[in-house]
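Each chain, letter by letter, is given below.
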Amino acid sequence: MHRLDAHRPTAAYIDLDALADNFSRCREFIGSEFKYMAVVKANAYGHGSVPCSLKLESAGADWFGVAMPEEGVELRRGGVAKPILCFGLFWPRQEELILDYQLTPVVFNIETAVRLSDFAAQRGVVIGVHVKIDTGMGRVGIRMPDVGNFALKFASMRKTLRVDGLMTHFAAAENPEENEYTAMQIAAFDEALETFRAAGHDPEFIDLANSPGAVRHPASRGNLIRLGGALYGLLDDILPSGTIGPGLRPVLSLRSRIADIKSIAAGETLGYGRTFVTTSLSNIALVPIGYADGFPRALSNCGHAVVNGVLVPIVGRVSMDWTLIDVTSVGGVAIEDEVTLIGNGINAADIAGLTGTIGYEITCALSSRVPRIYE
Ligand SMILES: *Cc1c(COP(=O)(O)O)cnc(C)c1O
């Protein structure tokens, strides 16, 4: 796909077989009686949305989930045929994308529903939507006291909009201390579903569960599961250690090569801000990756890399384009030797732990300067 010899050697390598394997393991663990939505928003959490989606489609994914209609369009243009749900609403003038690219919008306020209904009437079509209920996330969705009104309003738009799905999203499904809260969210959702049914709707798809919900809360599985982090092997990072889960592996590794090696005497400073001082004669290697690639500056003087099988420290500030590592302990190290930043025992979760975030953010943040290479 990309020729490694034709670009800077910094790249993210995506193991598509691991991705498909993770999907199969999830399905085995959660149950083959459910439908599965592969959540591929944000460029498939940084893994590359079209190649990942095509792989997951052939592995049996029934639906795809994206944040924005633009992302859905990208999937259609890339050849994805299965239904695509857009979690994040559609904005004025995006109605045409919904229709032309056969995307399924999520609706959670009357204004948007009316706008879509008017558009559908103009075109003489019925548009299928999923309605989102805010059962406790406090973010996207209809608040519980408004569910009854919304269900009636929707019933009055039956000639233009069809409620194909009812969904909600969990605030803390990964956390055992919040089990009661998650159970409350599930109960509230069931109540909303009854209200919709009583108003004459018959949603085919009932989806509540994200990855941690599906793994930890069997009662949340409805008939359609929305899997994001689990597919990319990032789930173990957010679940409490010891949680029994499907056993997933990372899909992405981040690698580069040494651009230069310098022998630096004791007492010299390295990089911006002079934050690192050598304490002995050191072999310092220059790696062409920086925060403009999404490699966190917060790893300055605390992150690691693997060179020739040896774990070595990042020294000095991570800058926009360059990172320094101390390779004094690596025997026979040479320019162009491979440097692993994620992989070979370093997980996105390890980086996240050092930088105060979760692995999801680490892979999402890898910028467009970093080619994705599929293997
Ligand atoms: C991102 C997202 C998901 C996927 O969540 P994971 O924890 O990555 O499985 C599911 N549903 C909605 C609405 C989302 O926005």
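Residues numbered from 1 in each chain as written. Predicted model: local features only at pLDDT ≥ 70, side-chain atom pairs only at ≥ 80, totals over all residues. Heavy atoms only, no water.

A.B. asks: Help me understand the pairing of strand β11 (residues 252-257) in this model?
C.D. replies: As a general feature of sheets, a regular strand has side chains that alternate between the two faces. Among the six residues of β11, five are classified as buried, and the element is accordingly described as predominantly covered. Bridging between strand β1 (residues 11-14) and β11 involves four bridges; their strand directions are antiparallel. Bridge pairing links Ile14 to Leu252 in β11. With four bridges connecting them, β11 and strand β19 (residues 338-342) associate as antiparallel partners. The residue bridging Arg255 from the neighbouring strand is Thr340, located in β19. (Buried < 20%, exposed > 50% of the residue type's maximum accessible area, 1.4 Å probe, protein only. Helix = DSSP H or I, 4+ residues; strand = E, 2+ residues; numbered from the N terminus. Pairing = 2+ DSSP bridges.)

A.B. asks: Hey, could you run me through the site of the ligand in this one?
C.D. replies: Around the ligand lies a shell of 14 residues, among which Lys41, Tyr45, Ser211, Arg226 and Gly229 are the nearest. At 2.6 Å from an oxygen atom of the ligand is found a side-chain nitrogen or oxygen belonging to Lys41. In this structure, an oxygen atom belonging to the ligand sits 2.9 Å away from a main-chain N or O atom of Gly228. Taken by itself the ligand offers 390 Å² of open surface, and the protein chains cover 92% of this. When each cavity is represented as a set of grid points, the ligand is found to reside in the largest pocket. Only α2 (41-45), α9 (211-216) and β10 (224-227) provide two or more residues apiece to the shell around the ligand. (Near = heavy atom within 4 Å. Polar contact = N/O pair within 3.5 Å; in protein donor to acceptor, adjacent residues only side chain to side chain. Areas by Shrake-Rupley, 256 points an atom, 1.4 Å probe, with all protein chains shown as cover. 1 Å grid on protein atoms, 1.4 Å probe; cavity = no way out; pocket = protein on both sides within 12 Å on 5 of 7 lines; lining within 4 Å. Sits in = over half its atoms within 2 Å of the grid points.)

A.B. asks: Help me out: how do you make sense of the layout of surface pockets in this one?
C.D. replies: One water molecule sets the probe size; rolling that probe over the atoms shows where empty space is left. In this model, the largest pocket occupies a volume close to 610 Å³. As for the largest pocket, its lining consists of 29 residues, and the residues nearest its centre are Lys41, Tyr45, Arg139, His169 and Tyr360. Among the elements of the structure, α2, α9, β10 and α12 (359-364) are those that each provide at least two residues to the lining of the largest pocket. Within the lining of the largest pocket, the residues separate by chemical class into 18 nonpolar, six polar and five charged. (Points joined across faces, edges and corners; volume = space filled by probe spheres on them. Nonpolar A, V, L, I, M, F, W, Y, C, P; charged D, E, K, R; others polar.)

A.B. asks: I'm lost on unusual backbone geometry in this one. Help?
C.D. replies: If a residue is not glycine, its phi is most likely negative; likewise, a peptide bond is most likely trans. Here the phi dihedral of Ala44 falls at roughly 55°; this positive angle occurs in a residue that is not glycine. If you trace the backbone, Ala44 turns up in helix α2. Looking at Ala44, the relative accessible area reads 0%, which means it is buried. With a phi angle near 55°, Gln102 is a residue other than glycine that sits in the positive phi range. Among the secondary structure elements, Gln102 is positioned in the loop between α5 (95-100) and β5 (103-107). Judged by its relative accessible area of 53%, Gln102 falls in the exposed class.

A.B. asks: Would you mind showing me how to read the environment of Thr279 here?
C.D. replies: As for its placement among the helices and strands, Thr279 is situated in the loop between β14 (276-277) and β15 (282-287). Residue Thr279 is classed as exposed on the basis of its relative accessible area, which comes to 73%. On a C-alpha basis, the gap between Thr279 and Thr269 in space is 9.7 Å, while along the polypeptide they are ten residues apart.

A.B. asks: Could you clarify how one ought to interpret empty space enclosed by the protein in this entry?
C.D. replies: Inspection of every chain in the model, using the stated rule, returns one cavity of 30 Å³ or more. Approximately 40 Å³ is the volume found for the largest cavity. Forming the boundary of the largest cavity are Lys132, Ile133, Asp134, Thr135, Met137, Arg139, Val140, Thr168 and His169. Within the lining of the largest cavity, the residues separate by chemical class into three nonpolar, three polar and three charged.

A.B. asks: Where do I start with the packing of aromatic side chains in this structure?
C.D. replies: Applying the stated criterion across every chain yields a total of five aromatic pairs. Geometrically, the ring pair formed by Phe23 and Tyr36 is edge-to-face, given 5.9 Å between the ring centres and 85° between the ring planes. Within this pair, whereas Phe23 is found in helix α1 (residues 16-30), its partner Tyr36 is found in strand β2 (residues 35-39), the two being separated by 13 residues in sequence. An identical accessibility class is assigned to Phe23 and Tyr36; each is buried. Through a chain of ring-to-ring contacts, three or more aromatic side chains come together here, namely Tyr45, Tyr232 and Tyr360. Taking NZ or CZ as reference, Arg255 lies 4.0 Å from the ring centre of Tyr13, over its face. (Phe/Tyr/Trp six-rings, centres within 6.5 Å; stacked < 30°, edge-to-face > 60°. Lys NZ or Arg CZ within 6 Å of the ring centre and 35° of its normal.)

A.B. asks: Even after reading the chapter, I still don't get α1, so can you show me in this structure?
C.D. replies: With 15 residues, α1 ought to run about 21 Å at 1.5 Å a step, and its terminal C-alpha atoms sit 21 Å apart, in line with that. Within the span of α1, buried status applies to Leu16, Ala18, Leu19, Ala20, Asn22, Phe23, Cys26 and Ile30. Against the buried residues of α1 lie β1, β2, α3 (49-59), α9, β10 and β20 (372-374). By the N-cap criterion, in which a side-chain oxygen at the helix start approaches the backbone nitrogen of a residue two or three places on, α1 is capped by Asp15, the distance to Asp17 being 3.2 Å. Positioned one or two residues after α1, Gly31 has a phi angle of 135°, which is positive. (Expected span 1.5 Å × (residues − 1). Contact = heavy atoms within 4.5 Å.)

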